[in-house]
Amino acid sequence: MTQDSDELDSLVRKRIRALRLAQGWSLEELAGRARLSQSTLSRIETGGRRLALDQLVTLARALDTSLDQLVETATDDVVISPTIDANRGQMRWPMKAYSGMSVVRQRMTDPPPDSPSRMRAHPGREWLVVLSGTAVLLLGNRRIRVETNQAAEFPTMLPHAIGAEGGPCEVLGVFDRDARRGHQRGDDA
């Protein structure tokens, strides 16, 4: 074996053990779920048995992960720099693990729109947290105050809009492709 394959081997064994412990499972419990003997699982985790592809597939399923995630080694580009849209007061970070999703930080100074016709609806869900200030979320016929350190999550098929109350606020949100399209402003916004 090469040094790279030795490192991957060790990493996979550590992941199996860490995932098992994170679930609060004993060797016996994971072995049962993976249809392996407890002794075999112990030797897999400690390096006393070679890693076989069929066992890795079974262990990945039992640990509720994928084989790709179990053997993933890509650790480059851990730090992601944002793209900045100064006109909209936004910073956006793409989420590599979830293609098409991004985290957006936005500074808001205007209150939510006063006209229901300016509220948007689109497929998906939205999640946001207020970092500073107070935001007002218009959700259908409801007006909801979301204060610093509070989060909101809602289905975006409900007509919605968000703005600041009593001064500027900063919001951090997770957006998928649909939500991102739904929140782009046209010339009339």
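The shown structure was predicted, so the numbers you read here are calculated from the model rather than taken from an experiment.

Enquirer: How should I be thinking about the overall build of the protein in this particular structure?
Expert: Scanning the protein from terminus to terminus reveals six helices and seven strands. Residue burial in the protein is summarised as follows: out of 189 residues, 31% are buried. If you take every contact in the protein between residues at least 6 apart in sequence, the share linking residues at least 24 apart comes to 61%. Counting every atom, the protein has about 12,000 Å² of accessible surface; 49% of that belongs to carbon and sulfur.

Enquirer: Where do I start with unusual backbone geometry in this structure?
Expert: Even without being glycine, Arg35 reaches a positive phi, approximately 55°. Within the fold, Arg35 resides in the loop between helix H2 (27-34) and helix H3 (38-46). One non-glycine residue, Asn149, lies in positive phi territory at about 75°. With respect to the helices and strands, Asn149 occurs in the loop between strand E5 (142-147) and strand E6 (151-155).

Enquirer: Please explain the confidence of the model for the protein as it appears in this structure.
Expert: Averaged over every residue, the pLDDT of the protein is 84; the share at 70 or more is 86%. Across the protein, the element-wise mean pLDDT spans from 48 in helix H6 (residues 177-182) up to 95 in E5. Here residues 179-189 is modelled with pLDDT under 50, and outside its nearest four sequence neighbours on either side it reaches 20 contacts, counting other chains as well.

Enquirer: Explain helix H4 (residues 53-62) to me, please; I cannot follow it from the model alone.
Expert: Since the α-helix turns once every 3.6 residues, residues separated by three or four places project in the same direction. All of the buried residues along H4 are Gln55, Leu56, Leu59, Ala60 and Ala62. Across the axial projection of H4, the buried residues extend over an arc of 160°, all falling on one side. Seen from the open side of H4, the exposed residues pointing more than 90 degrees away from its buried face are Leu53, Asp54 and Arg61. Phi turns positive, to about 60°, at Asp64, one or two residues after H4.

Enquirer: Is there a simple way to explain the nonpolar core in this structure?
Expert: Taken as a class, soluble globular proteins show a tendency for nonpolar side chains to be buried jointly. Counting residues in each nonpolar core, the largest one holds 16 residues, and the members touching the most others are Ile16, Leu30 and Leu59. Mapped by element, the contributors of at least two residues to this core are helix H1 (3-23), H2, H3 and H4. The greatest single-element share of this core, amounting to four residues, is contributed by H4. Contact partners of Leu30, with chain neighbours within four places excluded, come to Ile16, Arg20, Trp25, Leu41, Leu59, Ala62 and Leu63. Membership of the second largest hydrophobic core comes to twelve residues, among which are Leu128, Val130, Val146 and Val171.

So, how was this worked out
Residues numbered from 1 in each chain as written. Predicted model: local features only at pLDDT ≥ 70, side-chain atom pairs only at ≥ 80, totals over all residues. Heavy atoms only, no water. Helix = DSSP H or I, 4+ residues; strand = E, 2+ residues; numbered from the N terminus. Buried < 20%, exposed > 50% of the residue type's maximum accessible area, 1.4 Å probe, protein only. Contact = heavy atoms within 4.5 Å. Areas by Shrake-Rupley, 256 points an atom, 1.4 Å probe, with all protein chains shown as cover. pLDDT = per-residue confidence, 0-100. Arc of directions from axis to C-beta. Core = buried A, V, L, I, M, F, W, Y, C linked by side-chain atoms within 4.5 Å.

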